[in-house]
Amino acid sequence: MPPKATVDLSGAAQTMLTTLYLKALDADSDRPVLGDRFALDAVSGIDYDWDSLGVSARWAPLATVRTAQFDRWTREFLQRHPEATVVHLGCGLDSRVFRIDPGPQVRWFDVDFPGVIDLRRQVYPERAGYHLLASSATDHDWLQSIPADRPTLLVAEGISMYLTAAEGTGILRAFTDRFPEGEVQIDFYSRLAIRSQRMHKLNRTTGSVLYWGVDDPAEVIAEVPELRRVDRRGFFDADTFAGSSRAFAALDGVSRIVRPLRRALQYHRYAFGPTT
């Protein structure tokens, strides 16, 4: 049996461990939303005290509803562009490339901090057309490592809130400047959710700080006019929410009365390039 991978991360990068563990708990449940068996294997292959995270399967939908929604959108993009390039920015330990299992003509790039990429190399196998880039998201040099000759999808899941608005919009501008056409799929916390970050156990535990909050896609388009809105979903109206727990179904009813709660977690989808 090969030795288990060891973890040496700090700050926001630590949050990926909780996200991974929630996906593993979901996969091991009776009614999985995402059913990510790769997450289960990854957890078993990392030497870490997972109980120290203090999370249980009942919280799994907070991660899996979002991830499953982006999986669905990614598959739709690749159905239209079977020879596309996919860039998963801030990939963490997510196994999307293995869940999607894109065709041989797809180029896929996972981008994250060097420590995260090193850990990925220990946990996940290589595959054809799959590339790992070790870089901070805000260092735009990583863009030059990706050919700009195909429709390109940027998936930025669970990263925007750790960026300032200037950093985030700068990445989106650089991306739409680099590639001729494609999509951006990105999630946001609302401004209220950012202001209430001291209530988030995960942020208190890791010491990470949240910055960028967005209430409406129009705010993003105002800063990056190359983008066109395709879709916006909240946690409660995501295509994948129906499979979540009864507790979250009850919270759905509350959110219809307390509207700020319904807008707290948002999943945005944009297109850029020729409208045809």
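Look up: the structure comes first, before these words.
Right, let's walk through the structure included here. What you see is a predicted model, and the numbers here were worked out from it, not measured in a lab.

Comments concerning the pattern of salt bridges
Side chains bearing opposite charge may pair, as long as their charged atoms lie close to each other.
Now for step 1: On inspection of all chains with the given rule, the structure shows 22 salt bridges.
Now for step 2: Arginine 127 is paired through a salt bridge with aspartate 101; the nearest N and O atoms lie 3.0 Å apart. Within this pair, whereas arginine 127 is found in the loop between α5 (114–123) and β5 (130–134), its partner aspartate 101 is found in the loop between α4 (96–100) and β4 (107–112), the two being separated by 26 residues in sequence.
Now for step 3: The exposure class assigned to arginine 127 is partly exposed, which follows from its relative accessible area of 24%.

Topic: the pairing of strand β3 (residues 85–89)
Remember that side chains alternate between the two faces of the sheet whenever the strand is regular.
Now for step 1: Among the 5 residues in β3, 5 count as buried, and that is most of the element.
Now for step 2: Of the two faces of β3, the one holding Thr85, Val87 and Leu89 and the one holding Val86 and His88 are both buried throughout.
Now for step 3: Note: β3 against β4, 5 bridges, orientation parallel. What sits directly across from leucine 89, in β4, is valine 111.
Now for step 4: Where β3 lies against strand β6 (residues 152–156), 4 bridges are found, and the strand directions are parallel. Within β6, the position partnered with threonine 85 by the bridge is threonine 152.

Overview of the side chain of threonine 74
Now for step 1: Residue position: threonine 74 is located in helix α3 (residues 61–80).
Now for step 2: For threonine 74, a relative accessible area of 0% corresponds to the buried category.
Now for step 3: Separated by 2.8 Å, the side chain of threonine 74 and the backbone oxygen of phenylalanine 70 make a polar contact.
Now for step 4: Excluding anything up to four places from it in sequence, threonine 74 contacts Arg96, Ile100, Trp108, Leu153, Val155 and Gln185.

Section: empty space enclosed by the protein
Now for step 1: Evaluation of the coordinates by the stated rule reveals 1 cavity of 30 Å³ or more.
Now for step 2: Space inside the largest cavity adds up to approximately 50 Å³.
Now for step 3: Around the largest cavity, the lining residues are Leu89, Leu154, Ala156, Ile159, Leu163, Gly168, Ile171, Leu172, Ile186 and Trp212.
Now for step 4: Only β6 and α6 (165–178) provide two or more residues apiece to the lining of the largest cavity.
Now for step 5: Ranked by the residues each element gives to the lining of the largest cavity, the list is headed by α6, at 3 residues.
Now for step 6: A per-class count over the lining of the largest cavity returns 9 nonpolar, 1 polar and no charged.

Considering the packing of aromatic side chains
Now for step 1: The final tally for this structure, using the stated rule, is 13 aromatic pairs.
Now for step 2: Ring geometry for phenylalanine 235 and phenylalanine 241: centres 5.3 Å apart, planes at 75°, overall edge-to-face.
Now for step 3: Note on phenylalanine 241: relative accessible area 8%, which makes it buried.
Now for step 4: Taken together, Phe38, Phe98, Tyr124 and Tyr130 form an aromatic cluster joined through their ring pairs.
Now for step 5: Over the ring of phenylalanine 179 we find arginine 178, and its NZ or CZ is 5.9 Å from the ring centre.

Considering helix α1 (residues 15–27)
Now for step 1: End to end, α1 covers 19 Å across 13 residues, agreeing with the expected 18 Å (1.5 Å per residue, within 8%).
Now for step 2: Of all 13 residues that make up α1, 12 are buried, and the element is covered over most of its length.

Considerations on the packing of α1 against helix α2 (residues 37–44)
Now for step 1: Two numbers describe how α1 lies on α2: the axes approach to 8 Å, and their chain directions differ by 120°. When the interaxial angle is binned, α1 and α2 end up oblique. The way α1 lies across α2 gives a crossing that is left-handed. Listed contacts from α2 to Leu20, Tyr21, Lys23, Ala24 and Ala27 of α1 are Arg37, Ala39, Leu40, Ala42 and Val43.

Conventions adopted
- Residues numbered from 1 in each chain as written.
- Predicted model: local features only at pLDDT ≥ 70, side-chain atom pairs only at ≥ 80, totals over all residues.
- Heavy atoms only, no water.
- Salt bridge = Lys/Arg side-chain N within 4 Å of Asp/Glu carboxyl O.
- Helix = DSSP H or I, 4+ residues; strand = E, 2+ residues; numbered from the N terminus.
- Buried < 20%, exposed > 50% of the residue type's maximum accessible area, 1.4 Å probe, protein only.
- Pairing = 2+ DSSP bridges.
- Polar contact = N/O pair within 3.5 Å; in protein donor to acceptor, adjacent residues only side chain to side chain.
- Contact = heavy atoms within 4.5 Å.
- 1 Å grid on protein atoms, 1.4 Å probe; cavity = no way out; pocket = protein on both sides within 12 Å on 5 of 7 lines; lining within 4 Å.
- Points joined across faces, edges and corners; volume = space filled by probe spheres on them.
- Nonpolar A, V, L, I, M, F, W, Y, C, P; charged D, E, K, R; others polar.
- Phe/Tyr/Trp six-rings, centres within 6.5 Å; stacked < 30°, edge-to-face > 60°.
- Lys NZ or Arg CZ within 6 Å of the ring centre and 35° of its normal.
- Expected span 1.5 Å × (residues − 1).
- Axes fitted to C-alpha atoms, helices over the stretch in contact; angles between N-to-C directions.
- Parallel < 35°, antiparallel > 145°, perpendicular 65-115°, else oblique.
- Left-handed = near helix turned anticlockwise from the far one by under 90°.

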